[in-house]
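One-letter residues, chain by chain:
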Amino acid sequence: MGAPVLSCVKKGVPEIFMDCHMMVEDPIKWVPAVAEAGGKLYTFHLEAVSDPLPVIKHIHAHGMRAGLAISPQTPSSAITQTAWDAADMILVMTVHPGKGGQKFMPECLDKVKELREKYGWDKDVEVDGGIGPGNICQCAKAGSNVIVAGTSVFTASNPSDVIGQLRKAVDDVIAERKK
Ligand SMILES: O=C(CO)[C@@H](O)[C@H](O)COP(=O)(O)O
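The notes below deal with the structure included here.

What counts, and where the lines are drawn
Residues numbered from 1 in each chain as written. Predicted model: local features only at pLDDT ≥ 70, side-chain atom pairs only at ≥ 80, totals over all residues. Heavy atoms only, no water. 1 Å grid on protein atoms, 1.4 Å probe; cavity = no way out; pocket = protein on both sides within 12 Å on 5 of 7 lines; lining within 4 Å. Points joined across faces, edges and corners; volume = space filled by probe spheres on them. Helix = DSSP H or I, 4+ residues; strand = E, 2+ residues; numbered from the N terminus. Nonpolar A, V, L, I, M, F, W, Y, C, P; charged D, E, K, R; others polar. Pairing = 2+ DSSP bridges. Axes fitted to C-alpha atoms, helices over the stretch in contact; angles between N-to-C directions. Contact = heavy atoms within 4.5 Å. Polar contact = N/O pair within 3.5 Å; in protein donor to acceptor, adjacent residues only side chain to side chain. Salt bridge = Lys/Arg side-chain N within 4 Å of Asp/Glu carboxyl O. Buried < 20%, exposed > 50% of the residue type's maximum accessible area, 1.4 Å probe, protein only. Lys, Arg positive; Asp, Glu negative; His and termini not counted. Near = heavy atom within 4 Å. Areas by Shrake-Rupley, 256 points an atom, 1.4 Å probe, with all protein chains shown as cover. Sits in = over half its atoms within 2 Å of the grid points. Core = buried A, V, L, I, M, F, W, Y, C linked by side-chain atoms within 4.5 Å.

Description of the layout of surface pockets
Okay, step 1: Each pocket or cavity is described by its volume, and for the largest pocket that value is around 1,600 Å³.
Okay, step 2: Along its surface, the largest pocket is lined by 44 residues, and Asp19, Asp128, Ile147, Val148 and Ala149 are the ones closest to its centre.
Okay, step 3: Counting residues per element, the ones that place at least two in the lining of the largest pocket are α1 (3–12), β1 (19–22), β4 (89–93), β5 (124–128), β6 (146–148), α7 (151–154) and α8 (159–178).
Okay, step 4: Residue classes in the lining of the largest pocket are distributed as 25 nonpolar, 12 polar and 7 charged.

Things to note about the sheet that holds β4
Okay, step 1: The 6 strands lie next to each other as β1-β2-β3-β4-β5-β6, forming an open sheet whose pairing is parallel. Edge positions in the sheet fall to β1 and β6, since each has one partner strand and no second. Going from strand to strand, the sheet's axes swing by 25 degrees on average, the running direction of each strand aside.
Okay, step 2: Pairing of strand β3 (residues 65–70) with β4 involves 4 bridges; the strand directions are parallel. Within the sheet, the bridge partner assigned to Gly67 lies in β4 and is Met89.
Okay, step 3: Its contacts with the sheet put helix α3 (residues 52–61) on β2 (41–45) and β3, and the angle it makes with β3 is roughly 150 degrees.

Focus: the environment of Gln102
Okay, step 1: Residue position: Gln102 is located in the loop between β4 and α5 (109–119).
Okay, step 2: Through-space distance from the C-alpha of Gln102 to that of Gly130 is 5.7 Å; in sequence the pair is 28 residues apart.
Okay, step 3: Ignoring any residue separated from it by four or fewer positions in sequence, one finds Gln102 in contact with Val95, His96 and Gly130.
Okay, step 4: Of note is the side chain of Gln102, whose polar atom sits 2.7 Å from the backbone oxygen of His96.

Observations regarding the pattern of salt bridges
Okay, step 1: Following the criterion strictly, the structure yields 4 salt bridges and no others.
Okay, step 2: Between Asp110 and Lys113 there is a salt bridge whose closest N-O contact spans 3.8 Å. You can see Asp110 and its partner Lys113 sitting in helix α5, 3 residues apart, about one turn around the helix.
Okay, step 3: The partner of Lys179 in a salt bridge is Glu176, and the shortest N-O contact between them spans 3.2 Å.
Okay, step 4: Assessed through its relative accessible area of 78%, Lys179 is described here as exposed.

Considerations on the side chain of Glu126
Okay, step 1: Among the secondary structure elements, Glu126 is positioned in strand β5.
Okay, step 2: Of the side chains bearing the opposite charge, Arg65 lies closest to the buried Glu126, which forms no salt bridge; the N-O distance is 9.6 Å.
Okay, step 3: If near-sequence neighbours (up to four positions away) are discounted, Glu126 is found in contact with Asp19, Met89, Ile90, Leu91, Val92, Val146 and Val148.

Notes on the site of the ligand
Okay, step 1: Looking at the ligand, there are 14 residues lining it, with Gly98, Gly101, Gly130, Gly150 and Thr151 nearest.
Okay, step 2: Residue Gly98 places a main-chain N or O atom 2.6 Å away from an oxygen atom belonging to the ligand.
Okay, step 3: Between the ligand and Gly101 there is a distance of 2.8 Å, counted from an oxygen atom to a backbone nitrogen or oxygen.
Okay, step 4: For the ligand, whose free accessible area comes to 370 Å², the fraction covered by protein is 87%.
Okay, step 5: Placement of the ligand is best described as lying within the largest pocket.
Okay, step 6: For the shell around the ligand, the residue count by class is 5 nonpolar, 7 polar and 2 charged.

Topic: the nonpolar core
Okay, step 1: The biggest cluster of nonpolar side chains holds 44 residues, and the ones touching the most others in it are Tyr42, Ile59, Leu68, Ile79, Ile90 and Val92.
Okay, step 2: Contact partners of Ile90, with chain neighbours within four places excluded, come to Leu68, Ile79, Trp84, Leu115, Asp124, Val125 and Glu126.
Okay, step 3: Counting residues in hydrophobic clusters, the runner-up holds 6 residues, among them Leu41, Met89, Leu91 and Val95.

As structure tokens, then:
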């Protein structure tokens, strides 16, 4: 899905917040087009760049929030303090990026825990891949507060009920942590 599709979605739903996960080789290249199309959060892969900071600066200069993603093979230690401070969100993939419908990899949640222990709660930590009502509590307890769910929502007989369950699990953990 590229910028032309984003433009059409934005036209149909003007108030939409488009979180754009860019699984591309040269992420800096697509920043202007995605911003122009109405993207609000531009997430790119750490594995695709030698230094994430220039890309993050470019994203911010185009008026978007910047997300930094790590794939299952990349350790949490690859997210440096500088990268954490510069990004608005870290995405910890819980499947190998590429397609929906894959099996959730629970071991990836250790990285969410490590990031929270090391850096705290001043940034969003998103998880993506194989997530649904059956594993959302694990994700939320590990420290993720932004959830991507495809198959579990789109194949549900009542998608809004599934979304409600995902939201509640995250909200409950956040409320518990604030006590
Ligand atoms: O882009 C990706 C994986 O590459 C994800 O966004 C998935 O598409 C999420 O779908 P499910 O894993 O929830 O089916």
